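Tertiary structure, described
Chain by chain, the residues run as shown.
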Amino acid sequence: MKVIRFIFSSMLLVLSITAFSQKISIDRVDPPFWWAGMNNSQLQLMVHGENISLAKAIIDYEGVKLERTILVESPNYVFLDLVIDNDALAGNFDIKFVKGKKTVATFNYELKKRTKAPESYTGFDNSDNIYLLMPDRFANGNPDNDDMPGMLEKADRNNPNGRHGGDIQGIEDKLDYLKDLGITAIWINPLLENNMPAYSYHGYAMTDLYKVDPRFGTNEDYKNLVAKAHEKGLKIIQDMVFNHLGTNYFWKDDLPSQDWYHQWPEFTRSNYRGGAVNDPNASEYDYNKMVKGWFDKTMADLNQHNPLMANYLIQNSIWWIEYLDLDGIRQDTYPYPYKDFMATWMETLLNEYPNYNVVGEVWLSYPQAVAYWLENDNNKDGFHSHLTNVFDFPLMYAITNSLNQDNGWSSGIAQLYELLSQDYVYSDPNKLVLFADNHDGDRLYSKLGEDLAKFKMAMTMLFTLRGIPQLYYGTEILMTGYEHQGHGFIREDFPGGWEDDTIDAFTSGGRTDEQNIAFNFVKHLMNWRKTNMAVQQGKLTHYIPEDGVYVYFREYEDECVMVILNNSKEDKSLDLNRFAEITKNYSKGKSVLDRTFLDNLETVNIKAKTPMVFELSK
Ligand code: CA
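Just so it is clear, the model here is predicted, and its values are computed rather than measured.

What counts, and where the lines are drawn
- Residue numbers run consecutively from 1 along every chain, following the written order of its sequence.
- The predicted origin of the model limits local features to residues at a pLDDT of at least 70 and limits the giving and counting of side-chain atom pairs to 80 or more, whereas totals for whole chains, interfaces and linings rest on all residues.
- For side-chain calculations, the full set of non-hydrogen atoms in the structure is used, while hydrogens and water are omitted.
- In this scheme, strands are said to pair when DSSP sees at least two bridges between them.
- For the purposes of this entry, the term helix denotes a DSSP run of H or I that reaches at least four residues, the term strand denotes a run of E that reaches at least two, and both are numbered from the N terminus.
- Whether two residues are in contact is decided by their heavy atoms, any of which lying within 4.5 Å being enough.
- The angle between two axes is taken between their N-to-C directions and runs from 0 to 180 degrees, where each axis is a line fitted to C-alpha atoms and a helix contributes only its stretch in contact.
- Roughly parallel here means an angle under 35 degrees, roughly antiparallel means over 145, roughly perpendicular means 65 to 115, and every remaining angle is called oblique.
- The handedness criterion is simple: a crossing whose near helix is rotated anticlockwise from the far helix by less than a right angle is left-handed, and one whose near helix is rotated clockwise is right-handed.
- Just so you know the grouping, Ala, Val, Leu, Ile, Met, Phe, Trp, Tyr, Cys and Pro go in nonpolar, Asp, Glu, Lys and Arg go in charged, and all remaining residues, Gly too, go in polar.
- Counted as coordinating are nitrogen, oxygen and sulfur atoms within 2.8 Å of the metal, or 3.2 Å for Na, K and Ca, while water is not included, which may make sites look incomplete.
- Any coordination sphere not matching a tetrahedral pattern (four donors, all angles between 85 and 135 degrees) or a square planar or octahedral pattern (four or six donors, opposite donors over 155 degrees apart, other angles between 65 and 115) is reported as irregular.
- A simple rule labels every residue: compare its accessible area, found with a 1.4 Å probe on the protein chains alone, to the largest value its type can have, and call it buried under 20%, exposed over 50%, or partly exposed in between.
- In protein, a polar contact requires one atom able to donate a hydrogen and another able to accept it; more generally it is a pair of N or O atoms within 3.5 Å, and residues adjacent in sequence count only if both atoms are side-chain atoms.
- A cavity, in this analysis, means grid points on a 1 Å lattice covering only the protein atoms where a 1.4 Å probe fits yet has no way out; a pocket is instead an open set bounded by protein on both sides within 12 Å along at least five of seven lines, and a residue lines either one if it has an atom within 4 Å of a point.
- Grid points are joined across faces, edges and corners, and a volume is the space filled by probe spheres set on the points.
- Note on aromatic contacts: the rings of Phe and Tyr and the six-membered ring of Trp form a pair at centre separations within 6.5 Å, being stacked when their planes are under 30 degrees apart, edge-to-face when over 60 apart, and tilted otherwise.
- A carboxyl oxygen of Asp or Glu within 4 Å of a side-chain nitrogen of Lys or Arg is what we treat as a salt bridge.

Describing the sheet that holds strand β26 (residues 597–598)
Strand pairs in the sheet, formed through backbone hydrogen bonds, run parallel or antiparallel to each other. Taken together, six strands build an open sheet; the order of strands is β21-β22-β23-β28-β25-β26 and the sheet is antiparallel. Of all the strands in the sheet, just β21 (539–546) and β26 have a single pairing partner and so form its edges. By the bridge criterion, two bridges tie strand β25 (residues 588–591) to β26 in an arrangement that is antiparallel. Residue pairing for β26: G589 is matched across the bridge by L598. With respect to the sheet, helix α11 (residues 413–420) is in contact with β21, β22 (549–556) and β23 (559–566), its orientation differing from that of β21 by roughly 140°.

Below is the structure:
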């Protein structure tokens, strides 16, 4: 180590002696542009270029002050702290780098005009039905961009783990399909550049945080997609990752400083035990491995305790919101970065956009751990995450367990009941994002043994329980796949998304009878949910399951929905008198799922393994 340090300082000496003759250039400034009139007047620019630290930066623009220049270990970076006055006008100015009296490099910087009031970025909420899709696997709208010059991985549709060619144009082409289905918001797995030699399709090893992967399209294409979606009343949620970046990021051979990434004597993987972050009994060893260990060899673990790195990430998230008019963020691997940094990020974001939403991925199976991360006043250690929404992983497990197990005191449908009876741990259970499957686990239809009756039960739970429901692409057409087969098998191409597909499941004629039953069921539920306030945000009241039948109500003002899940293998005649504290206010019911009417609220006949949903009225 000493030898390396000696060589390093000798190199610096040589660099400074030969500086006069050295080339000084700028090849990149991040963020590439910014906006006038942001609430936060601070902007930190990362300027990258050969020997750029050997020159002095000068900015001459009214309302913009260069407050501080920060040098780092590498001579090829400078960080410029700017203060942008509230009355600074949108426009362009030169950032000049001088040596003596000579300008050696110039970058023209733009402050754009903001297009929207910050309060009008209202995020997503309980009125939304979210659709998660993986852009490489959904639809290929532009076969010409499947392979792009400079991109290391070429398209290979025969490789389950390869790139298949799906893109932004494909999503745009299917917006009407999604709208018809009843979707109101689309969470797209990462669209940013992933110039990695393999497994680049999933997008989680980003190599440029300011650029859409050219195999998906351009930044402009992404912006147009958001605009087109907005025209149709659809929101777009961006997938972001603050824990790691692809090891091929542009700075890979020239980190600003060695503490940019968490460095280990040899490759050390995270233990993936998110609970170690908020475990009062956790060892330092486990905590360090969890937070500082690398997610994968190809994913460099970022040190957000370096304030320059922290700013780089925070500003990037704001840049995309402002550039795209983005409706929300899904943040990956939420417990993996430093939690104090994540809290600072959320505070900064909400300071800029007070009505914004972020949903965090806290992949833990017990509610207490998930509740810790959803903003609350009750964490024993005083931690405030400021996180507005979090995924309900415990519910995902409960949905499958409740349908697959035999009904008992605490098994089968009682699993769902017992989970929901723990809602007291959440500051607001309506802020949970609910899902039955996603891109990281077994597909729902496989988990349910390809049983259509169970599928309808699961979808009824998803779209009638408290929280914000999220559907995984292809679940509506009963796509199957197990994670143990490889991730490629739970992320297969949506049939009909490719020109040469022989089956087009985007159309009813291309779907099997069973797929059409599933599709129409989900479509009906989601479109109904859009119109019903009780199911969107009504109070949940549930009853202890009896004999495999679970009943709950959602009430909002004078609207009331009654959900009956018969999880038993027998048809039932259900006496409704047990629910009189709620049903006494109503006299009849109209079924949401079929043409059944209840003339009185005395008894309901319900078939085995069947859900029923009623709108009650006076
Ligand atoms: Ca393509």
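Some points on the packing of helix α10 (residues 393–404) against α11
Contact pair α10 / α11: the axes reach a minimum separation of 7 Å and the direction vectors enclose 155°. The orientation of α10 relative to α11 falls into the category roughly antiparallel. Of the two possible hands of crossing, α10 and α11 adopt the one that is left-handed. Residue-level contacts link P394, L395, A398, N401 and S402 of α10 to I413, Q415, L416 and L419 of α11. Its residues placed into classes, the contact of α10 with α11 shows six nonpolar, three polar and no charged.

Regarding the coordination of the calcium ion
Taken together, the protein ligands of the calcium ion are N140 (OD1), N142 (O), N145 (OD1), D146 (OD), G165 (O) and D167 (OD), with distances of 2.3 to 2.6 Å. Around the calcium ion sit six donor atoms, and with donor-metal-donor angles ranging over 65 to 165° the site reads as irregular. Read from N- to C-terminus, the donor residues coordinating the calcium ion fall into the pattern N-x1-N-x2-N-D-x18-G-x1-D. Here N145, found in the loop between α2 (135–138) and α3 (168–173), pairs with G165, found in the loop between α2 and α3; they are 20 residues apart in sequence, far enough to count as distant. By relative accessible area, which is 6% here, N145 ends up buried. Judged by its relative accessible area of 4%, G165 falls in the buried class.

Some thoughts on the sheet that holds strand β8 (residues 102–112)
Reading across from one edge, β2-β8-β7-β4 is the order of the four strands in this open sheet, with mixed pairing throughout. The open sheet has two edge strands with one neighbour each: β2 (34–35) and β4 (56–59). Sheet topology note: the β2/β8 ladder contains two bridges and is parallel. Paired with W35 across the two strands is K112, which belongs to β8.

Observations regarding α11
For α11, a buried count of six out of eight residues is recorded, marking the element as mostly surrounded by other parts of the structure. Within α11, the full set of buried residues consists of I413, A414, L416, Y417, L419 and L420. The secondary structure elements touched by the buried residues of α11 are α9 (367–373), α10, α13 (452–464), β21, β22 and β23.

Re the side chain of N76
As for its position among the elements, N76 is in the loop between β5 (64–71) and β6 (77–84). Separated by 2.8 Å, the side chain of N76 and the backbone nitrogen of N51 make a polar contact. In this structure, N76 is in contact with V47, H48, G49, E50, N51, I52 and D254, ignoring residues within four places of it in sequence.

Here we look at the layout of surface pockets
One number sums up the size of the largest pocket: a volume of about 680 Å³. Grouping the constituent residues of the lining of the largest pocket by class yields 14 nonpolar, nine polar and seven charged.

Some points on the packing of α10 against α13
Taken N-terminus to C-terminus, the directions of α10 and α13 make an angle of 145°; their axes are 10 Å apart at the nearest point. Handedness of the α10/α13 crossing: right-handed. Residue-level contacts link I399, S402, L403 and N404 of α10 to K454, M457, A458 and M461 of α13. When the residues that make up the contact of α10 with α13 are grouped by side-chain class, the tally is five nonpolar, two polar and one charged.

Focus on the packing of aromatic side chains
Applying the stated criterion to the full structure yields 53 aromatic pairs. Measuring from ring centre to ring centre gives 6.5 Å for Y249 and Y312, while their planes differ by 80°; the resulting arrangement is edge-to-face. A residue pair is termed long-range when its members are at least 10 positions apart, and Y249 in the loop between β14 (244–246) and α6 (284–292) and Y312 in helix α7 (residues 307–324) qualify at 63 residues. By relative accessible area, Y312 is classed as buried at 4%. With a centroid separation of 5.6 Å and 80° between ring planes, the pair formed by Y372 and W373 is classed as edge-to-face. Side by side, Y372 and W373 carry an identical accessibility label, which is buried.

Some remarks on the environment of P307
When you line up the elements, P307 lands in helix α7. What makes P307 exposed here is its relative accessible area of 58%.

Describing the environment of K590
Within the secondary structure, K590 sits in strand β25. The sequence separation of K590 and F614 amounts to 24 residues, and the corresponding C-alpha distance is 5.2 Å. Contact partners of K590, with chain neighbours within four places excluded, come to T596, F597, V613, F614 and E615.

Re the pattern of salt bridges
Applying the stated criterion across every chain, the model contains 30 salt bridges. Notably, a salt bridge pairs D392 with R466, separated by 3.1 Å at the nearest N-O pair. Of this pair, D392 sits in the loop between β18 (389–391) and α10 while R466 sits in the loop between α13 and β20 (468–472), and the two are 74 residues apart along the sequence. Within this structure, R157, D493, D500 and D501 form a network of salt bridges that share partners.

Considering unusual backbone geometry
Following D30, the chain continues into P31 via a peptide bond in cis, with omega recorded as -10°. The residue P31 is located in the loop between β1 (28–30) and β2 in this model. The backbone of Y199 sits at a positive phi, close to 55°, despite the residue not being glycine. One can find Y199 in the loop between β11 (192–193) and β12 (208–212). Notably, H386 is not glycine yet its phi reads approximately 60°, a positive angle. Here H386 lies in the loop between α9 and β18.

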